Amino acid sequence: MNNLRPALLIATLLLAGCAGSDSQTNSASQSTWWNPVSWSWSSLNPGNWFGSSLQVSEQGVGSVNGNTPLQQTPVEDGLKGKYTLRNGVRMVNGSVVSFWQALDDSRQVQMELSGRTTVNRIEILDKAVETDSGVKIGTRFSELYSKAFESCKKGTGADRQSVECRAPNSQHISYVFSGDWHGPEELMPADDTLKNWTISKIIWHSQSAD
């Protein structure tokens, strides 16, 4: 037992050093980020490895919703400590928007939560996270819609080559569909093309997704 305690102390110091080094590297490489990158290491807690899966519903993602402060601890708790968190800010339409990115063990972004003081929007990329109706990343357009009219619109920004559709019977959930499309970027693909597209992102909005 006497030998174990120094070993644990050394391991803790090594982890702390790695976290600080990685934070500086990412902060320098992300040109849209203004504040230093902040990391949360709760995903290293073995108690979080075997929890139930997160779910997207009208009420939010996990227990994160529009009333959740856009701060590390509330976001971390609402996502059940399943991810490593990374914080930053960017300009959107002339306004400063803060966001938290949720990363998996390989440092891939699985979720992004943004807003001003509370969570306003959550973008889900994690294939393990489903809606309460069983929809997930990879679900085909034809499984949910027969046509795009009245439900879908062209994506914007990073999703401009995709199509965003309001989830059936939902006011807060939308799906981003992606697939092969060789037509003009400003036009919506035909329904016959969209039927083979699949969900690449699920979005939860605190306000109506319309």
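Given the structure is predicted, the values throughout are model-derived calculations rather than measurements.

Conventions used here
- Residues numbered from 1 in each chain as written.
- Predicted model: local features only at pLDDT ≥ 70, side-chain atom pairs only at ≥ 80, totals over all residues.
- Heavy atoms only, no water.
- Disulfide = S-S within 2.5 Å.
- Helix = DSSP H or I, 4+ residues; strand = E, 2+ residues; numbered from the N terminus.
- Buried < 20%, exposed > 50% of the residue type's maximum accessible area, 1.4 Å probe, protein only.
- Phe/Tyr/Trp six-rings, centres within 6.5 Å; stacked < 30°, edge-to-face > 60°.
- Core = buried A, V, L, I, M, F, W, Y, C linked by side-chain atoms within 4.5 Å.
- Pairing = 2+ DSSP bridges.

(A) Fine view of the state of the cysteines. Per the stated rule, a full pass over the model turns up one disulfide. What pairs with Cys-152 in a disulfide is Cys-165, and their sulfur atoms sit 2.0 Å apart. Taking the sign of the S-S torsion, about 105° here, the bridge from Cys-152 to Cys-165 comes out right-handed. On the criterion of sequence distance, the pair formed by Cys-152 in strand β9 (residues 152-154) and Cys-165 in strand β10 (residues 163-166) is long-range, its members being 13 residues apart. What makes Cys-152 buried here is its relative accessible area of 15%. Cys-165 gets classed as buried once you look at its relative accessible area, which sits at 0%.

(B) Spotlight on the packing of aromatic side chains. Counted by the stated rule, this structure contains four aromatic pairs. Each ring, one from Tyr-145 and one from Phe-177, has its centre 5.9 Å from the other, and the planes form 80°; the classification is edge-to-face. Pair noted here: Tyr-145 is in the loop between β8 (130-131) and β9 and Phe-177 is in strand β11 (residues 173-178), with a separation of 32 residues, a long-range link. A relative accessible area of 9% means that Tyr-145 is categorised as buried. A relative accessible area of 0% places Phe-177 in the buried class. An angle of 85° between the planes, with centres 6.4 Å apart, marks the rings of Tyr-175 and Phe-177 as edge-to-face. Taking the relative accessible area as the measure of exposure, Tyr-175 reaches 2% and is therefore buried.

(C) Up close: unusual backbone geometry. With a phi close to 65°, Arg-107 is a non-glycine residue in the positive phi region. For Arg-107, the location among the structural elements is in the loop between β5 (95-103) and β6 (109-115). A relative accessible area of 33% means that Arg-107 is categorised as partly exposed. Positive phi outside glycine occurs at Glu-150, with the angle close to 75°. Mapping Glu-150 onto the fold places it in the loop between β8 and β9.

(D) Summary view of the nonpolar core. Core analysis: the biggest nonpolar cluster contains 34 residues, and Leu-79, Met-111, Leu-113, Ile-122 and Tyr-175 have the highest contact counts within it. For this core, the secondary structure elements donating two or more residues are β5, β6, β7 (119-124), β10, β11 and β12 (198-205).

(E) Geometry of the sheet that holds β8. Taken together, three strands build an open sheet; the order of strands is β3-β2-β8 and the sheet is mixed. Lying at the two open borders of the sheet, with one neighbouring strand each, are β3 (60-61) and β8. For strand β2 (residues 55-57) and β8, the ladder comprises two bridges, and the chain directions are parallel. Counted as the bridge partner of Val-56 is Thr-131 from β8.

None of the figures reported here should be taken as evidence of function without further support.
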